[in-house]
Amino acid sequence: MRLYERAEASVIARAMQDADVETIARHPLIAVGSDGSSLSASGVLSVGKPHPRSYGTKPRFLAQFIRQRQLMALPEAVRKMTTLPASRLGLTRRGRLAPGYAADLVVFDPDTIADTATFEAPHSYPTGVAHVAVNGMLVVEHGAFTGRTPGKVIRSFAD
C-alpha cells in the first residue's frame, strides 16, 4: 500500500496456459473483446500506463491466433469481434454491415496487422490498419488520424 501511495503501481498476473487459451478462443460462442479503455497516444487520454489491451486486443488476436497459429479462418475471427459481441450485448444497430446500422468499419491488412503496445510503452497504435470509420465517418485514413471524432456514448441498445 505504501508503494501505491507514493507512485503508480500495477500488477500483472498470468494465470492461463497457451493451450487453454487456444481451446477457449476456438469455441464458436467465445467473443473477442476487451475491458480496455478508449485512449489516445497524445493529449489528455495519453497519461499513465494502461494495460496494452487498450490499443491491441483485436490486432493481437488477428496476428497471433489467426495469422501465426491459424486457429480459425479470418471470417470467423471477424465474427467473434463484430456480430457476436454486438448480439450478445443486445446492440441492434452495431456489429454488421446493413442498412440502418452504424457504419463502424476497420480496413486492415491480415498479413501485417499486429499490436505494438507493450507494458513499458502502452500508448502505441497497431500496425496494418489502413482505414477506420466510426458512425460512417473516416477517423483514420491511409493510417493517419483525420481529426474527426464522430464517436458517441451508446445510451440504448438501439443506438
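Residues numbered from 1 in each chain as written. Predicted model: local features only at pLDDT ≥ 70, side-chain atom pairs only at ≥ 80, totals over all residues. Heavy atoms only, no water.

## Observations concerning the nonpolar core
Listed in full, the 11 residues of the largest apolar core are Ala25, Val32, Phe61, Leu62, Phe65, Ile66, Leu71, Met72, Ala77, Met81 and Ile113. Those elements that provide at least two residues to this core are helix H3 (53-68) and helix H4 (74-81). Examining the composition of this core, we find that four residues originate from one element, H3, more than from any other. Ignoring any residue separated from it by four or fewer positions in sequence, one finds leucine 71 in contact with Glu22, Ala25, Arg26 and Phe65. (Core = buried A, V, L, I, M, F, W, Y, C linked by side-chain atoms within 4.5 Å. Buried < 20%, exposed > 50% of the residue type's maximum accessible area, 1.4 Å probe, protein only. Helix = DSSP H or I, 4+ residues; strand = E, 2+ residues; numbered from the N terminus. Contact = heavy atoms within 4.5 Å.)

## With respect to the confidence of the model for the chain
Atom-level detail of predicted coordinates should not be read off regions where pLDDT is low. Confidence in the prediction of the chain, expressed as mean pLDDT, is 92, and 96% of residues score 70 or more. Taking the mean pLDDT of every element in the chain, the minimum, 73, falls on helix H1 (residues 2-6) and the maximum, 98, on H4. (pLDDT = per-residue confidence, 0-100.)

## A few points about the environment of aspartate 111
Mapped onto the elements of the fold, aspartate 111 is located in the loop between strand E1 (105-108) and strand E2 (129-134). On the basis of relative accessibility, which here comes to 60%, the residue aspartate 111 falls in the exposed class.

## Topic: the pairing of strand E3 (residues 137-141)
Relative to E3, E2 runs antiparallel, the two sharing three bridges. Across the sheet, residue alanine 133 finds its bridge partner in E3, namely leucine 138. If you look at the hairpin formed by E2 and E3, you'll find two residues sitting between the two strands, and asparagine 135 has a positive phi there, around 50°. Looking at chain direction, E3 and strand E4 (residues 144-145) are connected through two bridges and run antiparallel. Bridge pairing links glutamate 141 to alanine 144 in E4. (Pairing = 2+ DSSP bridges.)

## Side note on the pattern of salt bridges
A side chain of one charge can pair with a side chain of the opposite charge if their charged atoms are brought near each other. Summed over all chains, the structure comprises five salt bridges. Measuring nitrogen to oxygen at the nearest pair gives 2.8 Å for the salt bridge that ties arginine 79 to glutamate 76. Taken together, the positions of arginine 79 and glutamate 76, both in helix H4 and three residues apart, correspond to about one turn of that helix. You can call arginine 79 partly exposed: its relative accessible area is 25%. (Salt bridge = Lys/Arg side-chain N within 4 Å of Asp/Glu carboxyl O.)

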